[in-house]
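Chain residues, written in single-letter form:
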Amino acid sequence: MTRFSFDLKARDGRARSGVISTPRGEIRTPAFMPVGTAATVKAMLPESVAATGADILLGNTYHLMLRPTAERIDRLGGLHKFMNWDRPILTDSGGFQVMSLAGLRKLTEEGVTFKSHIDGSKHSLTPERSMEIQRLLGSDIVMCFDECPALPADRKRIEASMQLSMRWAARSRDAFGDRPGHALFGIQQGGLDEDLRGQSAEALRGIGFDGYAVGGLAVGEGQEAMFSVLDFAPDQLPEDKPRYLMGVGKPDDIVGAVARGIDMMDCVLPSRSGRTGQVFTRRGVVNIKNARHADDPRPLDEDCTCPACTGYSRAYLHHVFRSHEMISGMLLTWHNLHYFQELMSGMRDAISEGTFDAWQEGFHAQRTKGDIIPI
Ligand SMILES: [Zn+2]
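If you're wondering where the values come from, they're calculated on a predicted model, not measured in any experiment. (Residues numbered from 1 in each chain as written. Predicted model: local features only at pLDDT ≥ 70, side-chain atom pairs only at ≥ 80, totals over all residues.)

Re the UniProt feature "binding site: Zn(2+)" (unreviewed entry) in the protein chain
Turning to step 1, where the next piece is worked out: Listed under "binding site: Zn(2+)" (unreviewed entry) in the UniProt record, and renumbered for this structure, are Cys304, Cys306, Cys309 and His335. The named residues occupy 32 residues along the chain; their greatest pairwise C-alpha distance, 8.2 Å, places them in one compact cluster.
Turning to step 2, where the next piece is worked out: On the basis of neighbour count, Cys304 is assigned to the partly exposed category, with 17 C-beta atoms found within 10 Å.
Turning to step 3, where the next piece is worked out: Not counting the four nearest positions on each side in its chain, Cys304 is found in contact with Cys309, His335, His338 and Tyr339.
Turning to step 4, where the next piece is worked out: Position of Cys309 relative to the elements: it lies in helix α13 (residues 307–311).
Turning to step 5, where the next piece is worked out: Non-local contacts of Cys309, meaning those with residues more than four positions away in its chain, are made with Pro299, Leu300, Asp301, Cys304 and His335. (UniProt positions renumbered as here; feature names shortened; annotations may be inferred. Buried ≥ 20, exposed ≤ 12 C-beta atoms within 10 Å, placed from the backbone. Contact = placed C-beta atoms within 7 Å. Helix = DSSP H or I, 4+ residues; strand = E, 2+ residues; numbered from the N terminus.)

In structure tokens, the structure reads:
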């Protein structure tokens, strides 16, 4: 049986490329994980998600524990079988979404109690319960249960929260136990503070994990602040394990994070934007609802090989978006996920070839050109 392992294959500056091996398949890094919140990447069949080049999906513990519940998914054979996705799945711990979505929550040393945003029912999450839920789901990469204060927060609050998260990380490690082929990732906290981030990294190294996430970013601090943390945070974490930046991001956030030593990322952006008519292309963002596309027979991106670009005109995509046809969300989500995966494969190749600086220059130069001139 394949055990969970990470093989760092190439480095270019601080950027890295490698392969994570799991019993359910390999994950090429840097990797972008589409988000399958409620056991589906919205508007996409799982085989279509795979066709975009995704090696791994993210599932949300908070959503799945409330509906249809982890116990039901377990009875039905686990999340992979339930949603018809046989490649690796990473699940978050639920902590972040309790903070952002649930009503009326109470935080104690033990864990957090909260009311469901769906029906107001009362639930609790602790490190032990989060590990149990993620085991019932059959997750390949399990995240520690942590707490993350919204920024800005004062240093005392961030320090206390980080220390609580480190105690929860130790409890998560104990509760996870020994599960060959499955991985447990620790999550570094500490806000924007280098010293607190260093203390957090040290605590996590002491416990020992299969991978390490940089947590507590992409919570509204802005790209400049995020990059300033990524200038030191990844280097505080073990070099021989995957480093995961949670909840990022826009294409230029992703490129900047990879340049600073990040190996994995996830974000709802490509799928959510696909449903609101926002399209990511090599030449920047295109808003398909704009009237300029109404008579345009050209594809979104003539170099893109996705079904939206090879089969349909901007005029058609504009029409189905304006008409609220379901195919609109399907095609635009497909294109966006395809674009994000091409971005990752382009970076992986450039890092392997030692041409990542030139690749980055090309990436930024293309974007500054802006969208093609209207006809
Ligand atoms: Zn396309």
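Now, onward.
A word on the sheet that holds strand β5 (residues 57–59)
Turning to step 1, where the next piece is worked out: The strand order β4-β14-β13-β12-β11-β10-β6-β5 describes an open sheet built from eight strands, whose pairing is parallel. The two strands at the open ends of the sheet, each matched to only one other strand, are β4 (31–34) and β5. Averaged over all pairs of adjacent strands, the angle between their axes in this sheet comes to 25 degrees, without regard to strand direction.
Turning to step 2, where the next piece is worked out: Of the strand pairs in this sheet, strand β11 (residues 183–188) and strand β12 (residues 211–214) are connected by four bridges, and their pairing is parallel. Directly across from Ile187, in β12, lies its bridge partner Ala213.
Turning to step 3, where the next piece is worked out: Taken strand by strand, helix α7 (residues 155–176) contacts β10 (141–143) and β11, and its axis lies near 175 degrees from that of β11. (Pairing = 2+ DSSP bridges. Axes fitted to C-alpha atoms, helices over the stretch in contact; angles between N-to-C directions.)

Looking at the domain arrangement of the protein chain
Turning to step 1, where the next piece is worked out: Each domain of the protein chain was delimited in the assignment, giving domain 1 (5–266) and domain 2 (274–369).
Turning to step 2, where the next piece is worked out: In this structure, domain 1 and domain 2 have C-alpha centres spaced 27 Å apart.
Turning to step 3, where the next piece is worked out: Contacts between the two partners involve 25 residues from domain 1, matched on the other side by 22 residues from domain 2.
Turning to step 4, where the next piece is worked out: When contributions to the side of domain 1 that touches domain 2 are tallied by element, the ones reaching two or more residues are β1 (5–12), β2 (15–22), β4, α1 (46–51) and α11 (251–259).
Turning to step 5, where the next piece is worked out: Element by element, the count of residues in the side of domain 1 that touches domain 2 is highest for α11, at five residues.
Turning to step 6, where the next piece is worked out: Here the residues of the side of domain 1 that touches domain 2 sort into 15 nonpolar, five polar and five charged. (Domains from an automatic or database assignment. Nonpolar A, V, L, I, M, F, W, Y, C, P; charged D, E, K, R; others polar.)

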